[in-house]
Amino acid sequence: MTRNSSRNEPLLVRGLLICVALSYLGLFLGAPLVTVFAEAWAKGPETYFKALGQADSLAAIRLTLITAAIAVPINLVFGLCASWAIAKFEFKGKSLLMTLIDLPFSVSPVISGLVFVLLFGLQGWFGPFLAEHGIKLLFAVPGIVLATVFVTFPFVARELIPLMQEQGREEEEAALMLGASGWQCFWHITLPNAKWGLMYGVLLCNARAMGEFGAVSVVSGHIRGLTNTMPLHVEILYNEYNFVAAFAVATLLAALALLTLVAKSLMEWRFAAELNSTRRL
Amino acid sequence: MTVLAHRFREPSVIPGFGITLGVTLAALGLVVLIPLSALFLKAAGLGFSGFIATAFDSRAMAAYGLSFGAALVAALVNLFFGTLVAWVLVRYRFAGKRLLDALIDLPFALPTAVAGIALTTLFAPNGAFGAFLEPLGIKVAFTRLGVILAMIFIGLPFVVRSVQPVLEDLESEVEEAAASLGASRLQTLWLVVLPSLLPALISGFALAFVRAVGEYGSIIFIAGNMPGQTEIAPLLIIIKLEQYNYAGATAIASVMLIISFVLLFVINRLQHWRQSRMEGR
Amino acid sequence: MSLRLSSASMTLALLLAFAPSVKADATLLNVSYDPTRELYQDFNAAFAKHWKDKTGEVVTVNQSHGGAGKQARAVIDGLEADVVTLALAYDIDAISEKAGLLPRDWQKRLAHNSSPYTSTIVFLVRKGNPKGLKDWSDLVKPGVQVITPNPKTSGGARWNYLAAWGYAQKQNGGDQAKAQDFVKALYANVPVLDTGARGSTNTFVQRGIGDVLLAWENEAFLALEEIGRDKVEIVLPSLSILAEPPVTVVDKVVDKHGTRKQAEAYLNYLYSKEGQEIAAKHFYRPRDPEVLKRLGARFPSLTLITIDEAFGGWQKAQKTHFEDGGIFNAITRK
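Model, not experiment: these values are computed from the prediction.

1. Things to note about the overall build of chain C
Argument step 1. Assigned secondary structure in chain C consists of 17 helices and 11 strands.
Argument step 2. Against the globule reference of 20 Å for 334 residues, chain C gives a C-alpha radius of gyration of 22 Å, in line with a compact fold.
Argument step 3. Across the 334 residues that make up chain C, the buried fraction comes to 60%.
Argument step 4. Taking all contacts inside chain C whose residues are at least 6 apart in sequence as the whole, residues at least 24 apart take part in 74%.
Argument step 5. Carbon and sulfur atoms make up 53% of the accessible area of chain C, which totals about 13100 Å².
Argument step 6. Charge separation in chain C, taken as the distance between the mean sites of 41 positive and 37 negative side-chain charges, equals 3 Å.

2. What about the interface of chain B and chain C?
Argument step 1. On the side of chain C, 32 residues touch chain B, which itself brings 26 residues to the contact.
Argument step 2. Across the chain B to chain C interface the summed buried area is about 2400 Å²; carbon plus sulfur atoms make up 50%.
Argument step 3. Linking chain B with chain C are two salt bridges, by the criterion used here.
Argument step 4. A salt bridge links Asp324(C) to Lys240(B), with the shortest nitrogen-to-oxygen separation between them at 2.5 Å.
Argument step 5. Elements with a contribution of two residues or more to the side of chain B that touches chain C: helix H4 (58–91), helix H7 (112–123) and helix H13 (233–242) of chain B.
Argument step 6. Here the side of chain B that touches chain C gets six residues from one element, more than from any other, and that element is H13(B).
Argument step 7. Across the side of chain B that touches chain C, the residue classes tally to 14 nonpolar, nine polar and three charged.

3. Notes on the interface of chain B and chain A
Argument step 1. Listed by partner, the interface residues are 103 residues for chain B and 92 residues for chain A.
Argument step 2. Interface of chain B and chain A: buried area, both sides summed, is about 9200 Å²; carbon and sulfur atoms make up 76% of it.
Argument step 3. Together, Ile14(B), Tyr92(B) and Phe108(B) form the three largest contributors to the area buried by chain B at its contact with chain A, with a combined 7%.
Argument step 4. The tally of links between chain B and chain A comes to zero salt bridges.

4. Some words on the environment of Leu33(B)
Argument step 1. Assignment of secondary structure puts Leu33(B) in helix H2 (residues 17–44).
Argument step 2. Among residues more than four places away in sequence, those in contact with Leu33(B) are Leu100(A) and Leu28(B).

5. Some thoughts on the packing of aromatic side chains
Argument step 1. Under the definition given, this model contains 47 aromatic pairs over all chains.
Argument step 2. A cation over a ring is seen here: Arg91(B) above Trp87(B), with NZ or CZ 4.6 Å from the ring centre.
Argument step 3. Between Arg126(C) and the ring centre of Phe204(C), over which it is positioned, the NZ or CZ distance is 4.0 Å.

6. Side note on the pattern of salt bridges
Argument step 1. Overall, the coordinates contain 36 salt bridges over all chains when judged by the stated rule.
Argument step 2. The salt bridge involving Glu242(B) is made with Arg73(C); its shortest N-O contact spans 3.4 Å. Here Arg73(C) lies in helix H3 (residues 68–76) and Glu242(B) lies in helix H13, a pairing that spans two chains. We note that Glu242(B), like Arg73(C), is buried.
Argument step 3. Across the pair Asp251(C) and Arg260(C) runs a salt bridge whose closest N-O atoms are separated by 2.9 Å.
Argument step 4. For Asp251(C), a relative accessible area of 12% puts it in the buried group.
Argument step 5. Overall, Arg260(C) belongs to the partly exposed group, its relative accessible area being 27%.
Argument step 6. Salt bridges sharing partners connect three or more residues here, namely Asp56(A), Arg224(A), Glu240(A), Asp34(C) and Arg37(C).

7. Some thoughts on the domain arrangement of chain B
Residue and element names in this part refer to chain B.
Argument step 1. Split by domain assignment, chain B resolves into domain 1 (15–44) and domain 2 (50–280).
Argument step 2. Each of domain 1 and domain 2 has a C-alpha centre, and these two points are 26 Å apart.
Argument step 3. Counting from both sides, the interface comprises five residues of domain 1 and, opposite them, nine residues of domain 2.
Argument step 4. In total, about 570 Å² of surface goes out of reach between domain 1 and domain 2, with carbon and sulfur atoms giving 84% of it.
Argument step 5. Joining domain 1 to domain 2, the criterion identifies one residue pair in polar contact (both at pLDDT 80 or more).
Argument step 6. Its residues assigned to classes, the side of domain 1 that touches domain 2 shows four nonpolar, no polar and one charged.

8. A closer look at the state of the cysteines
Residue and element names in this part refer to chain A.
Argument step 1. Enumeration according to the criterion identifies zero disulfides over all chains in this entry.
Argument step 2. Considering cysteine sulfurs only, Cys-205 is the nearest to Cys-81, which forms no disulfide, with 15 Å between them.
Argument step 3. For Cys-81, a relative accessible area of 14% translates into the label buried.

9. Considerations on H13(B)
Argument step 1. Among the 10 residues in H13(B), 10 count as buried, and that is most of the element.
Argument step 2. One or two positions beyond H13(B), positive phi appears at Tyr244(B), with a value near 60°.

10. Section: a negative patch on the surface
Argument step 1. On the surface, a cluster of negative charge is made up of Glu166(A), Glu168(B), Asp169(B), Glu171(B) and Glu173(B).
Argument step 2. Along the chain, Glu171(B) turns up in the loop between helix H9 (144–169) and helix H10 (172–180).

11. Digging into the confidence of the model for chain C
Residue and element names in this part refer to chain C.
Argument step 1. Mean pLDDT over chain C stands at 90; residues scoring 70 or higher make up 93%.
Argument step 2. Low pLDDT (under 50) marks residues 13–22, which in the prediction has eight contacts with non-local residues, meaning those over four places away or in another chain.
Argument step 3. Predicted complex metrics record ipTM = 0.86 and pTM = 0.88.

12. Considering the sheet that holds strand S1 (residues 26–33) of chain C
Residues and elements named next belong to chain C.
Argument step 1. What the four strands build is an open sheet, ordered S2-S1-S3-S9; its pairing is mixed. In this open sheet, the two strands that pair with only one neighbour each are strand S2 (59–66) and strand S9 (247–249). Averaged over all adjacent pairs, the angle separating strand axes in this sheet is 20°, with direction ignored.
Argument step 2. With three bridges joining them, strand S3 (residues 83–85) and S9 adopt antiparallel strand pairing. Along S9, the bridge assignment pairs Val-83 with Val-249.

13. What about the pairing of strand S6 (residues 212–216) of chain C?
Residue and element names in this part refer to chain C.
Argument step 1. Counting buried positions over the five residues of S6 gives five, a clear majority of the element.
Argument step 2. Across five bridges, the pairing between strand S4 (residues 117–126) and S6 is antiparallel. What sits directly across from Val-122, in S6, is Ala-215.
Argument step 3. Bridge count between strand S5 (residues 146–147) and S6: two bridges; the pairing is parallel. Across the sheet, residue Val-146 finds its bridge partner in S6, namely Val-212.

Criteria and cut-off values
- Residues numbered from 1 in each chain as written.
- Chains lettered and ligands numbered in written order.
- Predicted model: local features only at pLDDT ≥ 70, side-chain atom pairs only at ≥ 80, totals over all residues.
- Heavy atoms only, no water.
- Helix = DSSP H or I, 4+ residues; strand = E, 2+ residues; numbered from the N terminus.
- Rg over C-alpha atoms; globule rule 2.2 N^0.38 Å.
- Buried < 20%, exposed > 50% of the residue type's maximum accessible area, 1.4 Å probe, protein only.
- Contact = heavy atoms within 4.5 Å.
- Areas by Shrake-Rupley, 256 points an atom, 1.4 Å probe, with all protein chains shown as cover.
- Lys, Arg positive; Asp, Glu negative; His and termini not counted.
- Charge placed at Lys NZ, Arg CZ, Asp CG, Glu CD.
- Buried area = accessible area lost by both parts, 1.4 Å probe.
- Salt bridge = Lys/Arg side-chain N within 4 Å of Asp/Glu carboxyl O.
- Nonpolar A, V, L, I, M, F, W, Y, C, P; charged D, E, K, R; others polar.
- Phe/Tyr/Trp six-rings, centres within 6.5 Å; stacked < 30°, edge-to-face > 60°.
- Lys NZ or Arg CZ within 6 Å of the ring centre and 35° of its normal.
- Domains from an automatic or database assignment.
- Polar contact = N/O pair within 3.5 Å; in protein donor to acceptor, adjacent residues only side chain to side chain.
- Disulfide = S-S within 2.5 Å.
- Patch = residues over 30% accessible without salt bridge, like charges linked within 9 Å, V, L, I, M, F, W, Y side chains within 5 Å.
- pLDDT = per-residue confidence, 0-100.
- Pairing = 2+ DSSP bridges.
- Axes fitted to C-alpha atoms, helices over the stretch in contact; angles between N-to-C directions.

Okay, structure coming up:
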């Protein structure tokens, strides 16, 4: 009882804060989301599902899944390496390294596509070499994956680094003293400790990988049924005055946020016991 | 190698420094640094005076002013309300909390163009909110206010998601101790809770800010795109590209990138310094 | 857990990636601009049938659409288009100039300046034309809001701008300063500059902004069909510009792909009776006099200036009006 009163605000304040938070999220997230779903269902469920079943929509969904399935694991491995090096060791130039990892956040999506054109475009540094050897990077799947990896590069690392820094290295050091190998230490101590950050990182990375528009738009070439990802396909459908279909595809992407909900609930349920024990510590 | 490594890092019993840092640097180089260097080299092709003339003409300055100014306002709004939302989500229990929690990631998953269209639909003079605001003399769509609105939307997850885990980890004992020592609730919040949230607040703010600066996809729908008034810097880059002026486009991109980089670096440096001081190093 | 999840999704993705697809004997890529989507969807099907009947070969035509400048840039940077069908000759000139993928005299290779169909710029106004807008001179009146995209980012918008300029030039006996004042007054009435033609149409129709939309004739007709004759109507000004969207084969690409024969047949088919009819059906003005006579009722004749006569060609017009330091920059400077 005492614990509650010392950590909680009066009922009135609590209610007020919840109201403010709800209105803020309602205005900025709820309203746009409702708009998207309202437009998608404007002509009834039949039109909605028909729109999603079109061959071009399916091709776009497939390409988006492929892209995310390649980009997310790459960034996962990178994120784990980077956070291990940064959180578990002290070395010079650490802030610089961290800033460089953050950099893709600050690059305009317009530019993150353009840099790959400057590198691999026909008029770019490696373009003529690639063309000579018949390697297609740009305006094909590899280019789309590259741009996506670039845009989502910091997500996993960004989530893991602060968490692992806060957790320190005492546990790992103790385990190593007791004779555990580096791998054992990683699998049995670091990874379980970092699982929440890892999950957030992967989910955000995945959401952004699937939703990225600007950068991919520059390197895709917009070939219908071949190099259009879901966000690009949404734009095309919208430009064809096919509003229902455009928003129908968009609802699939919005539903990704619900996937976050499922994943989080699953993990909470699975680790509930463990969570309670750590909370009590 | 070991001798060299020891010179710039403190010794530690934890293994794997070489390999993880190696992977990190290799990935960083391939995915981020080489592509971005292509950007700067292209801009350098203009020569010093050409670069200055392109990157700092009056129209470009107005565009930077809008992009950075609106991003600052949007990030401040997100800082305040984002903290509040994180607080409500972590500390209070209410119906629909989980769904709300999942919705936070929506701006990542939803393609920026869809967000722009949805926001414009709502805030245009004939939209659900616009029709209500218009008689009050408040114009949102096709004004600077619209730019800020879109930036708030896309930057929303950053502050919430960086504050949330820290709040979850915050030990209740500290607050209880402060309360039992006679501190009022406000004093506890201001003197105990806020300082421990500070790093997360700053990094969330910084990321929301730099992300908003570069945003293009959603803003072009809701801004009027009038030169000197509602023309954002990334649009200026696109305009240069439409004229096949790659060097001019990269010049503006370089300026934006350098400013964002310096900002992120200063913040990371501050965090690092603060952390070392707290650990007594 | 996330590792297991991602390896599962990877397997799924690989399965999807190797799903079988229909094999064609030849594949062409047509890189085009925004408003031609519907036209080429129909035309591609017609051509595939024609080619199958004639040669027995199955040809698949893939489509890519976007802003004309962006599309031209993609081709310059390596998007392997067998044919390009863009909004302005200027953009195809750029492909020739910057990437050398086709000869400089490409525009002489096909009839009618390599433009198998034409269009023009018209006004789309609200039903009943409440502001009584009849001609270009009505658009500069105070209180009239004009919707047009940014000429810097949209090919169609450049035609809009030049049509207005051509009108003012003619009204003032060729006085360039007066023409500039006129166009400046026109753009002072523009509340929103979208980046593309379809964006402007949506601003005008969906958002209800503005009194008049400057649009391609084919876009205006399409808007009537898609959005409703009960909401908007078309007004023809006394004078407009002859817009010639050109088409050409990209030589280096077709030689690499070995698709020159199909690509040339594809473009020539645009000039055939069938091709011309499809173009007319999608509200492009056909070149073929017979098709025009048969289907021409929907295309009222009006005085049309050409870019070559009035502005000395695209290269010159682009430099004078739209480059940085050009007149468009000057008139929109605050």
